[in-house]
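Working through the structure, step by step
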Amino acid sequence: MSSASLVFLLTFSFLIGYLFSYLNFFQAFASIFTDYSSIQNKHNLLYTFIFLTVCFILIVILVKPLTKEEAKRSKEYPFQTSAREQLARRGSF
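This section reports on the structure supplied with the text. All values reported here derive from a predicted model rather than from experimental measurement.

A word on the overall build of the protein. In terms of regular secondary structure, the protein is built from four helices and zero strands. Shown N-terminal to C-terminal, the secondary structure of the protein runs as helices and strands in the order α-α-α-α. Here the protein, with 93 residues, has 2% of them falling under the buried criterion. Counting every atom, the protein has about 8,700 Å² of accessible surface; 69% of that belongs to carbon and sulfur.

Shown next as structure tokens:
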């Protein structure tokens, strides 16, 4: 990971954390489970949220091997040209 991308990720993480704390996103999100009287069974809502979170995490974990496999496949493609070669062919380099 390059230092520029690391600085970008740290800055982005800080900004997201700052916005979440400044705008009380967590409190607003937590109020979904406690304040709405129209929801009859709040435990089901919480279990649904946990289930969807776990599904999302599993999908992210399963996508990683697929991306590695696609990266290997793209290396085996016989007609690879670099960006420099493509620009030179178009005459814009």
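Another point: helix α4 (residues 83–90). Across the eight residues that make up α4, only a small minority, zero, are buried. A positive backbone phi angle near 85 degrees is found at glycine 91, which sits one or two residues after α4.

In this section: a nonpolar patch on the surface. Taken together, the side chains of Phe8, Leu9, Phe12, Phe14, Leu15, Ile16, Tyr18, Leu19, Phe20, Tyr22, Leu23 and Phe25 define a hydrophobic patch exposed on the protein surface, amounting to about 1,200 Å² of accessible area. Here the nonpolar patch takes 10 residues from helix α1 (residues 3–22), the largest share from any one element. Its location among the elements puts leucine 19 in helix α1. On the accessibility criterion, leucine 19 (39% relative accessible area) is partly exposed.

Further remarks concern the packing of aromatic side chains. Under the criterion given, the structure shown has three aromatic pairs. Seen from their ring centres, phenylalanine 8 and phenylalanine 12 are 6.1 Å apart, and the 20 degrees between their planes marks the pair as stacked. On the criterion of helical spacing, the pair formed by phenylalanine 8 and phenylalanine 12 is a turn pair, its members being four residues apart in helix α1. Overall, the relative accessible area of 54% leaves phenylalanine 8 in the exposed class. A relative accessible area of 45% places phenylalanine 12 in the partly exposed class.

Parameters and conventions
Going along each chain's sequence as written, the residues are numbered from 1 onward. Confidence filtering applies because this is a predicted model: local features only for residues at pLDDT of at least 70, side-chain atom pairs given and counted only at 80 or more, and all residues used for totals across whole chains, interfaces and linings. Here the side-chain values reflect all heavy atoms present in the structure, with hydrogen atoms and water set aside. A run of H or I in DSSP becomes a helix once it reaches four residues, and a run of E becomes a strand once it reaches two; helices and strands are each numbered from the N terminus. Relative accessibility decides the category of a residue: with a 1.4 Å probe and only protein chains considered, values under 20% of the type maximum give buried, values over 50% give exposed, and everything between is partly exposed. Computed with the Shrake-Rupley method and a 1.4 Å probe, the accessible areas treat only the protein chains shown as cover for residues. Surface patches are drawn from residues lacking salt bridges whose relative accessible area is over 30%; two like charges belong together within 9 Å, two nonpolar side chains (Val, Leu, Ile, Met, Phe, Trp, Tyr) within 5 Å. The salt bridge definition used is simple: a Lys or Arg side-chain nitrogen within 4 Å of an Asp or Glu carboxyl oxygen. Two rings from Phe, Tyr or Trp (for Trp, the six-membered ring) form a pair when their centres sit within 6.5 Å of each other. Planes less than 30 degrees apart are called stacked, planes more than 60 degrees apart edge-to-face, and all others tilted.

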